[in-house]
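Take a look at the letters that make up each chain.
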Amino acid sequence: MTTTCITHIGSLVTNDPAVGDGSPLGLIENAAVVIDGDRIAWVGPTAQAPAADESFDAQGRAVIPGFVDSHSHLVFAGDRTQEFNARMSGRAYSAGGIRTTVAATRAASDAELEANLVRHLAEARRQGTTTFETKSGYGLTVADEARALRIASAHTEEVTYLGAHIVSPDFAEDPAGYVDLVTGEMLTACAPYARWVDVFCEKGAFDGDQARAILTAGAAAGLIPRVHANQLSYGPGVQLAVELEAASADHCTHLTDADVDALAQAADTTVATLLPGAEFSTRAQWPDARRLIDAGATVALSTDCNPGSSYTSSMPFCIALAVRDMRMTPDEALWAATAGGARALRRTDIGTLTPGARADLALLDAPSHVHLAYRPGVPLVSEVWQKGLRAH
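Rules used in this analysis
Residues numbered from 1 in each chain as written. Predicted model: local features only at pLDDT ≥ 70, side-chain atom pairs only at ≥ 80, totals over all residues. Heavy atoms only, no water. Helix = DSSP H or I, 4+ residues; strand = E, 2+ residues; numbered from the N terminus. Rg over C-alpha atoms; globule rule 2.2 N^0.38 Å. Buried < 20%, exposed > 50% of the residue type's maximum accessible area, 1.4 Å probe, protein only. Contact = heavy atoms within 4.5 Å. Areas by Shrake-Rupley, 256 points an atom, 1.4 Å probe, with all protein chains shown as cover. Axes fitted to C-alpha atoms, helices over the stretch in contact; angles between N-to-C directions. Parallel < 35°, antiparallel > 145°, perpendicular 65-115°, else oblique. Left-handed = near helix turned anticlockwise from the far one by under 90°. Nonpolar A, V, L, I, M, F, W, Y, C, P; charged D, E, K, R; others polar. Polar contact = N/O pair within 3.5 Å; in protein donor to acceptor, adjacent residues only side chain to side chain. Pairing = 2+ DSSP bridges. Right-handed = clockwise from strand over helix to strand, strands pointing away. Disulfide = S-S within 2.5 Å.

Tell me about the overall build of the protein, residues and numbers included.
A count of helical and extended segments in the protein gives 14 helices and 17 strands. Its C-alpha atoms give the protein a radius of gyration of 21 Å, within 12% of the compact-globule value 21 Å for 392 residues. For the protein, the C-alpha atoms occupy an extent of roughly 70 × 45 × 45 Å along the three principal directions. Across the 392 residues of the protein, 58% fall into the buried class. In the protein, 70% of the contacts between residues at least 6 apart in sequence involve partners at least 24 apart. Split by element, the accessible area of the protein, about 15100 Å² in all, is 51% carbon and sulfur.

Any details on the packing of helix α12 (residues 315-325) against helix α13 (residues 330-344)? Residues and values, ideally.
Two packed helices can be described by the angle between their axes and the distance between those axes. Remark: α12 packs on α13, axes separated minimally by 9 Å, with the N-to-C direction vectors making an angle of 140°. Here α12 lies oblique to α13, going by the angle between them. Once α12 is placed against α13, the crossing between them reads as right-handed. Within the contact between the two elements, α12 uses Met 315, Ile 319, Ala 322 and Val 323 and α13 uses Pro 330, Ala 333, Leu 334 and Ala 337. Here the residues of the contact of α12 with α13 sort into eight nonpolar, no polar and no charged.

So what's going on with the environment of Ala 32? Residues and values would help.
In this structure, Ala 32 sits in strand β2 (residues 27-36). The spacing of Ala 32 and Val 63 is 31 residues in sequence and 9.5 Å in space, taken between C-alpha atoms.

Please give an account of unusual backbone geometry that cites residues and values.
Its identity is not glycine, yet Glu 245 carries a phi of approximately 55°, on the positive side. Along the chain, Glu 245 turns up in the loop between α8 (237-243) and β12 (248-251). Non-glycine residue Arg 283 carries a positive phi angle of around 55°. Position of Arg 283 relative to the elements: it lies in the loop between α10 (276-282) and α11 (289-295). Judged by relative accessible area, which is 59%, Arg 283 ranks as exposed.

Now, about helix α9 (residues 257-265): what can you tell me, with residues and values included?
Quick reminder: α-helices carry 3.6 residues per turn. Residues three or four places apart thus point the same way. Residues of α9 that are buried: Asp 259, Val 260, Ala 262, Leu 263 and Ala 264. As for α9, its buried residues are in contact with α8, β12, β13 (271-274) and α11.

I'd like to hear about the side chain of Asp 144, residue by residue, with values.
Mapped onto the secondary structure, Asp 144 falls in helix α4 (residues 142-153). Overall, Asp 144 belongs to the buried group, its relative accessible area being 15%. One polar contact links Asp 144 to Arg 147, side chain to side chain, over a distance of 3.2 Å. If we ignore the near neighbours within four places in the chain, the residues touching Asp 144 are Arg 106 and Gly 139.

Any details on the pairing of strand β9 (residues 159-164)? Residues and values, ideally.
Of all six residues that make up β9, six are buried, and the element is covered over most of its length. As paired elements, strand β8 (residues 134-135) and β9 share two bridges and run parallel to each other. Note on β9: the bridge partner recorded for Thr 134 is Val 159. With α4 bridging β8 and its parallel neighbour β9, the resulting β-α-β unit is right-handed. In the sheet, β9 pairs with strand β10 (residues 196-201) via three bridges, with the strands oriented parallel. Residue pairing across strands places Tyr 161 opposite Val 197, the latter belonging to β10.

I'd like to hear about the state of the cysteines, residue by residue, with values.
As used in these notes, a disulfide is a covalent bond between sulfur atoms, one from each of two cysteines. Counting across every chain of the model gives zero disulfides. Not engaged in a disulfide, the cysteine Cys 201 finds its nearest cysteine sulfur in Cys 252; these two sulfurs lie 12 Å apart. Owing to a relative accessible area of 4%, Cys 201 belongs among the buried residues under this scheme. You can see Cys 318 has no disulfide; the closest cysteine sulfur is in Cys 305, sitting 9.2 Å from it.

Residue-level account of the pairing of β2, with values.
The buried count for β2 comes to seven of 10 residues, which makes it a mostly enclosed element. In this sheet, β2 lies alongside strand β1 (residues 3-13) in antiparallel orientation, the contact comprising eight bridges. Of the residues in β2, the one forming a bridge with Val 13 is Leu 27. Of the pairings in the sheet, the one linking β2 to strand β3 (residues 39-45) comprises six bridges and is antiparallel in character. Paired with Asp 36 across the bridge in β3 is Arg 39.

Which residues make up the sheet that holds strand β11 (residues 224-229), and what values go with them?
Spatially, β8-β9-β10-β11-β12-β13-β14 is the arrangement adopted by the seven strands of the open sheet, whose pairing is parallel. Looking at the sheet topology across the chains shown, the edges are occupied by β8 and β14 (299-301). The strands touched by α13 within the sheet are β10, β11, β12, β13 and β14, with β14 carrying the most contacts at an inclination of about 105°.

I'd like a rundown of α12, residues and numbers included.
All of the buried residues along α12 are Met 315, Pro 316, Cys 318, Ile 319, Ala 320, Leu 321 and Ala 322. Residues of α12 that are buried in the fold lie against β6 (67-69), β7 (129-132), α10, β14, α13 and α14 (371-374). Measuring from the side-chain oxygen of the N-cap residue of α12 to the backbone nitrogen of Phe 317 gives 3.0 Å; that N-cap residue is Ser 314. Arg 327 sits one or two positions beyond α12 and adopts a positive phi of about 65°.

Right, here's the structure in full:
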């Protein structure tokens, strides 16, 4: 296999204190990285770099692990511009929210859904994202949920069954019947394509008992739970995620002291994944990342890219929001968007740049990762390597 050495890296973020400066980011100054195939073979000072078949001069720029976006909804069709415009203009709007996307997604062909997915993945990759999770949830029939997951599984191994996004409009008068479908025939059709099972545990979606039944059924089918928890109001989602040892509790906007304590106690099991794009796009209350971090919880950052409440694929934008409005430091925000996302996906091969890790990395047109928050909105990612291959 061909080896490549990236030299003269001004600041290398490894996310491994043992190979760097002892900080959580494991920083190495004037560094080099050797890629062998799809793996990191060596990291250290440029002056000590071993020989390689090819070389790339970083010219003093920073290198970070590729972003790990552990929460997105990318298999969809349609557009909700009018909804967003009305919300930002202070006007009432009642076109249906998620149901609008459900109708458009059901009407779209497989080719249209896949083309839209691929377009968003390329958009995210240009901004440094090398691993992403994505969900179903805009079909809400057996056939439509299964095809969403089948399409997604052709592009990522991190696929989540979210038949329990909302109660299907077809079951508006029979939510219990829909739970039976989600835990029965739909689960059987979807499980072969998915790694995860998720549920929107919220008023107007699924209550605690319904969510427990859905997650338990998914776990029995071999899927690992994750939970949309406490986004719009206080509720049982976080406690349920911890109880069922879910990989993540996502959103975590409205938390009691007991919720924070539970996430801190479960820091090795359940990650608190914060999604500031949703708060930005809805003018809602920001999650308090500082409170979670100070309590000892493990925090991840993700985009929640979806056509309704967070239509951004930009992890750098979410980092800037987290630093500005969620009281995270630039170091904490970068760790959360890389190693934190890997923790939320229970992966040890991504989110770090250390020997043996997958060679996923981004070169910034800046001397330090701090510029991601310091220069918000500026396209700083200039090069991306994914699985050892330089993306074009």
